[in-house]
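# Working through the structure, step by step
The primary structure of each chain is shown beneath.
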Amino acid sequence: MTRQQLEQLNIVPPDAQIYRKVKAVWDGIAKPLDGLGEFETMVAQIGAITGSSDISVDRRVILTMCADNGIVAEGVSQSGQEVTEIVTGFMGKQESSVGKMARRAGVDVIPVDIGINSDHILPGVRNCKIMRGTRDFLKEPAMTEDETLQAVSVGIRLVRECSKKGYQVVGIGEMGIGNTTTSSALAAALLGESVEEVTGRGAGLSDEGLLRKRQVIAQALEKYPIARMDALQLLATIGGLDIAGMAGVCIGGAMFHIPVVLDGLISMVSALVAERMVPGVREFLLPSHMSKEPGAKKIAEALELHPVIHAGLGLGEGTGAVMLFSLLDLAMVLYEHQTTFDNMQIEAYERQKG
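Quick summary incoming for the structure in this document. Throughout this description, residue numbers start from 1 for each chain and increase along the sequence as written. Thresholds applied to this predicted model are a pLDDT of at least 70 for local features of residues and 80 or more for the giving and counting of side-chain atom pairs; totals over whole chains, interfaces and linings are not thresholded and use all residues. Neither water nor hydrogens contribute to the side-chain values; these are computed over all heavy atoms in the structure.

## A closer look at the packing of aromatic side chains
- Each Phe, Tyr or Trp ring (for Trp, its six-membered ring) is paired with any other whose centre lies within 6.5 Å, and the angle between the two planes then decides the class: stacked below 30 degrees, edge-to-face above 60, tilted in between. Overall, the coordinates contain one aromatic pair when judged by the stated rule.
- Measuring from centroid to centroid gives 5.5 Å for Trp26 and Tyr335, while their planes differ by 50 degrees, and the two rings are tilted. Placement of the pair is Trp26 in helix 2 (residues 16-28) and Tyr335 in helix 14 (residues 319-336), with a sequence separation of 309 residues. Note on accessibility: Trp26 and Tyr335 belong to one class, buried.
- Of note, Arg59 hangs over the ring of Tyr167, and the distance from its end group to the ring centre comes to 4.6 Å.
- Throughout this description, the term charge over a ring refers to an Arg CZ or Lys NZ atom that lies within 6 Å of the ring centre and within 35 degrees of the ring normal. Above the face of the Phe90 ring, Lys93 is positioned so that its terminal group lies 4.4 Å from the ring centre. Note on conventions: DSSP H or I runs of at least 4 residues are helices, E runs of at least 2 residues are strands, and numbering of each starts at the N terminus. Relative accessible area decides the class of each residue, using a 1.4 Å probe on protein chains only: under 20% of the type maximum gives buried, over 50% gives exposed, and in between gives partly exposed.

Right, dumping it as structure tokens:
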């Protein structure tokens, strides 16, 4: 995909009529109006995205983008890059956190090597490698624009494949040492926020480590003409391959009308990038949880998304998205097997005006 092709994408919005139809169904179920809160809204959104009030979320998959980040060389993480490959290898065996949780929840997981700093072929991992990790963005741009667009295209292509295989919902996750640094840098640049406001401890940095991380991001933002860059340029300059791939999944969801479930901070940054590159994408996104990272709340507000799980999660890999699938299953029980006010022979609640 070229920049021109990306800019010319025409996203057909979700069907507002179907949305209203699903909400009306919820109102007819014997319960208080809006009794399931955001879950009623999510189910209606899924119907609007897919264009049908006959809703199913039984076939679902997590696409976990795995990549290394050159910025690790600046001492912004307590782990080395080798951890990315190790954890991804366990993902390929479905033995990492997301694999174990997904097995219980009835969710498929496809780990994707989009940029691990290794030439090894990992069994069970989809090989879509663009390059062996990004460059150190404190010294030079993390990626070229062409490399970034290749990574975005990987995400779009994977959604197309999932659609053809019959998946009804796609979730996203990531694995990559240093990616809370890339995501925090992008959040600061895209939102116009201070580095301190959006940068957290990631996998558990000390006070000294957090200070170093913030210093590195601040120096990088001063190095480049951030204010004059668009979202694609920012993604290429201070972003990561995993973020680019997940942004592609978000865009692919909008193109092929498949709901995309977000995970934590890094996936939310990818959603913000996707929305800035292709306006309208946000209407196809379902947020799972509010990450403990400080930038997450500001991104959710910018995208007008409402994560439903507030539990201080910060595991990544797509684990929060898996949790949302389990909760959606419970909500869908009421939608699919409706006990109406007529069934109970009681008077229905009515929405009051004013």
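Next comes the rest of the account.
## Quick look at the side chain of Asp113
- Following the sequence through the fold, Asp113 ends up in strand 2 (residues 108-115).
- Think of a polar contact as two N or O atoms within 3.5 Å of one another; within protein, one of them needs to be a possible hydrogen donor and the other a possible acceptor, and neighboring residues in sequence only count if both atoms come from side chains. A polar side-chain atom of Asp113 sits 2.8 Å from a polar atom in the side chain of Lys129.
- For this analysis, residues touch if any pair of their heavy atoms sits within 4.5 Å. Those residues in contact with Asp113 that sit more than four places away from it in its chain are Cys66, Val125, Arg126, Asn127, Cys128 and Lys129.

## A word on the pattern of salt bridges
- Between Lys or Arg on one side and Asp or Glu on the other, a salt bridge is scored when a side-chain nitrogen of the former is within 4 Å of a carboxyl oxygen of the latter. All told, the structure shown has 20 salt bridges when counted by the stated rule.
- Across the salt bridge formed by Arg135 and Glu147, the nearest N and O atoms sit 3.0 Å from each other. Of this pair, Arg135 sits in the loop between strand 3 (126-127) and helix 6 (145-164) while Glu147 sits in helix 6; the two residues are 12 residues apart in sequence, bridging distant segments of the chain.
- Given a relative accessible area of 27%, Arg135 falls into the partly exposed group.

## Let's talk about the sheet that holds strand 5 (residues 260-262)
- When DSSP finds two or more bridges between a pair of strands, those strands are recorded as paired. With parallel pairing, six strands are arranged side by side in an open sheet as 3-2-1-4-5-6. Since the sheet does not close on itself, it has two edges, and those belong to strand 3 and strand 6 (285-287), each with one partner.

## Considerations on helix 2
- What a helix is expected to span follows from its residue count: subtract one and scale by 1.5 Å. With 13 residues, helix 2 should cover 18 Å at 1.5 Å per step; its first-to-last C-alpha distance of 19 Å lies within 8% of that length.
- Listed as buried for helix 2 are Ile18, Val22, Lys23 and Trp26. Buried residues in helix 2, looked at end-on, bunch into an arc of 135 degrees, giving them a common side. Seen from the buried face of helix 2, the exposed residues on the opposite side, beyond 90 degrees, are Gln17 and Arg20.
- For helix 2, the elements touching its buried residues are helix 3 (38-50) and helix 14.
- A side-chain oxygen of the first residue of helix 2 lies 2.9 Å from the backbone nitrogen of Gln17; this N-cap is Asp15. Arc, as used here, means the arc of the directions from the helix axis to the C-beta atoms.

## Remarks on the packing of helix 7 (residues 179-191) against helix 12 (residues 265-277)
- It is the contact of helix 7 with helix 12, at a shortest axis distance of 9 Å, that shows an interaxial angle of 40 degrees. Taken as axis vectors, helix 7 and helix 12 run oblique relative to one another. For the element pair helix 7 and helix 12, the recorded crossing hand is left-handed. In this structure, helix 7 contributes Asn179, Thr180, Ser183, Ser184, Leu186, Ala187, Leu190 and Leu191 to the contact, and helix 12 contributes Leu265, Ile266, Val269, Leu272, Val273 and Arg276.
- For this classification, Asp, Glu, Lys and Arg are treated as charged, while Ala, Val, Leu, Ile, Met, Phe, Trp, Tyr, Cys and Pro are nonpolar and the rest, including Gly, are polar. Residues that form the contact of helix 7 with helix 12 fall into these classes: nine nonpolar, four polar and one charged. Where helices are involved, their axes are fitted lines through C-alpha atoms of the stretch in contact, as for all axes, and angles between N-to-C directions lie from 0 to 180°. Throughout, the term roughly parallel applies to angles under 35 degrees, roughly antiparallel to angles over 145, roughly perpendicular to angles from 65 to 115, and oblique to all others. By convention the crossing between two helices is left-handed if the near helix lies anticlockwise of the far one by an angle smaller than a right angle, and right-handed if it lies clockwise.

## Observations concerning the packing of helix 5 (residues 97-105) against helix 14
- Contact pair helix 5 / helix 14: the axes reach a minimum separation of 9 Å and the direction vectors enclose 10 degrees. In terms of axis orientation, helix 5 runs roughly parallel to helix 14. Note on element contacts: helix 14 touches helix 5 through Thr319, Val322, Met323, Ser326 and Asp329, opposite Ser97, Val98, Met101, Ala102 and Ala105.
- Partitioning the contact of helix 5 with helix 14 into residue classes produces six nonpolar, three polar and one charged.

## As for the environment of Lys129
- If you trace the backbone, Lys129 turns up in the loop between strand 3 and helix 6.
- Through-space distance from the C-alpha of Lys129 to that of Ser206 is 32 Å; in sequence the pair is 77 residues apart.
- Leave out the neighbours within four places in its chain, and Lys129 touches Asp113, Ile114, Gly115, Ile116 and Ser118.
- Here the side chain of Lys129 touches Ser118 through a polar contact of 2.9 Å, landing on its backbone oxygen.

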